[in-house]
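In case you want the letters, here they are:
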Amino acid sequence: MGRALRLMDALVKGIKKLGYGVRGEDNSNKDQYFEILGQRVRFQLKERTKQIDHILTKEEQARKAQGREIYASRYDYKPTGLFELILEPGIWIGPPYKKKWSDSSKRLLESQLRDVIQGLILIADRQRKEAERREKEEQVAAEQMTRRLEEEKKLAEEEGRRKAADNHLANWLKSKQLLSFIREFEKRLSDGSYADQTKQPYQAWIK
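Residues numbered from 1 in each chain as written. Predicted model: local features only at pLDDT ≥ 70, side-chain atom pairs only at ≥ 80, totals over all residues. Heavy atoms only, no water.

*Asks:* Requested: an account of unusual backbone geometry, with residues and values cited.
*Replies:* Between P95 and P96 the backbone carries a cis peptide bond, its omega angle lying at 5°. Within the secondary structure layout, P96 lies in the loop between β4 (75-89) and β5 (100-102). Here the phi dihedral of L37 falls at roughly 55°; this positive angle occurs in a residue that is not glycine. Structurally, L37 is set in the loop between β2 (32-36) and β3 (39-53). (Helix = DSSP H or I, 4+ residues; strand = E, 2+ residues; numbered from the N terminus.)

*Asks:* Talk me through empty space enclosed by the protein; I want residue IDs and the actual numbers.
*Replies:* Taken as a whole, this structure holds one cavity of 30 Å³ or more when the rule is applied. Considering only enclosed or pocket space, the largest cavity measures out at about 40 Å³ in volume. Taken together, L7, M8, L11, L45, L85, L109 and L113 make up the lining of the largest cavity. Ranked by residue count, the leading element in the lining of the largest cavity is helix α1 (residues 2-17), at three residues. Its residues assigned to classes, the lining of the largest cavity comprises seven nonpolar, no polar and no charged. (1 Å grid on protein atoms, 1.4 Å probe; cavity = no way out; pocket = protein on both sides within 12 Å on 5 of 7 lines; lining within 4 Å. Points joined across faces, edges and corners; volume = space filled by probe spheres on them. Nonpolar A, V, L, I, M, F, W, Y, C, P; charged D, E, K, R; others polar.)

*Asks:* Quick one: what's the story with the packing of aromatic side chains, residue by residue and with numbers?
*Replies:* Under the definition given, this model contains four aromatic pairs. Ring centres of F181 and F185 lie 6.3 Å apart, and the angle between their planes is 10°; on these two criteria the pair is classed as stacked. Separated by four residues within a single helix, F181 and F185 lie in helix α3 (residues 113-190), roughly one turn from each other. Accessibility expressed as a relative area gives 45% for F181, which makes it partly exposed. On the basis of relative accessible area, F185 is assigned to the buried category, the value being 12%. Within the aromatic cluster, the residues linked to one another by ring pairs are F181, F185 and W205. (Phe/Tyr/Trp six-rings, centres within 6.5 Å; stacked < 30°, edge-to-face > 60°. Buried < 20%, exposed > 50% of the residue type's maximum accessible area, 1.4 Å probe, protein only.)

*Asks:* Report on the pattern of salt bridges, specifying residues and quantitative values.
*Replies:* Any two side chains of opposite charge can pair, so long as their charged atoms come close to each other. Here the structure, examined in full by the defined rule, presents 15 salt bridges. The salt bridge involving K129 is made with D125; its shortest N-O contact spans 3.2 Å. Of this pair, K129 and D125 both sit in helix α3, four residues apart, which is roughly one turn of that helix. Overall, K129 belongs to the partly exposed group, its relative accessible area being 48%. Residues E184 and R188 are paired through a salt bridge, measuring 3.2 Å at the closest nitrogen-oxygen approach. Residue E184 and its partner R188 are both found in helix α3; the two are separated by four residues, about one turn of the helix. (Salt bridge = Lys/Arg side-chain N within 4 Å of Asp/Glu carboxyl O.)

*Asks:* Residue-level account of the packing of α1 against α3, with values.
*Replies:* At a minimum axis distance of 10 Å, the contact between α1 and α3 shows a crossing angle of 50°. In this view, α1 runs oblique relative to α3, as classed from their interaxial angle. α3 is crossed by α1, and the crossing has right-handed handedness. Contact residues: L7, A10, L11, G14 and I15 in α1; L113, V116, I117 and L120 in α3. Classifying every residue of the contact of α1 with α3 by side-chain character gives eight nonpolar, one polar and no charged. (Axes fitted to C-alpha atoms, helices over the stretch in contact; angles between N-to-C directions. Parallel < 35°, antiparallel > 145°, perpendicular 65-115°, else oblique. Left-handed = near helix turned anticlockwise from the far one by under 90°. Contact = heavy atoms within 4.5 Å.)

*Asks:* Could you give an account of the environment of T57, with specific residues and numbers?
*Replies:* Positionally, T57 belongs in the loop between β3 and α2 (58-65). Residue class for T57 comes out partly exposed when judged on its relative accessible area of 38%. When the C-alpha atoms of T57 and A72 are compared, they prove to be 9.7 Å apart, with 15 residues separating the residues in sequence.

This is how it looks when you write it as structure tokens:
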């Protein structure tokens, strides 16, 4: 624990010396992040463990001797004292960007902190560029959507005008036919096709 705290103390001070920060949304380890170039890069410091076969405790041995069931995992995980610092960018970033630094027989994490900080800045810069690219794509998509909606609106308005013109034409043709019919009917009334006593109601109908 002491070594882990010293490691993080040195890393945080190095980051802050460059004008960047370390933030946390809450007190959980998973919500801590470096804030570099306006980007959040989460991190975790882990200690590697070694998987070994589970060794029965005295209590478990006693239960076994009594023929009672033992509730135990098959493996135990033994701390190794070897640390890993893992970065978790907000986007997928593959090679050549490095996201994990580990203790090794040749180099401890303490001697790799400069590399970690450089890697952090590179990842944050890539993340920023990717965010800018996505923002431009979203802007282009929004502009295309706006143009498409405007075109659809124009087409709808044109369709409305076309239907209105069709209605006007249909009404005009109907009025021409109706007027022609009325004139023909008036002509037949005046040429004696109907009796005089029947003309009066038809005159009212014509009006």
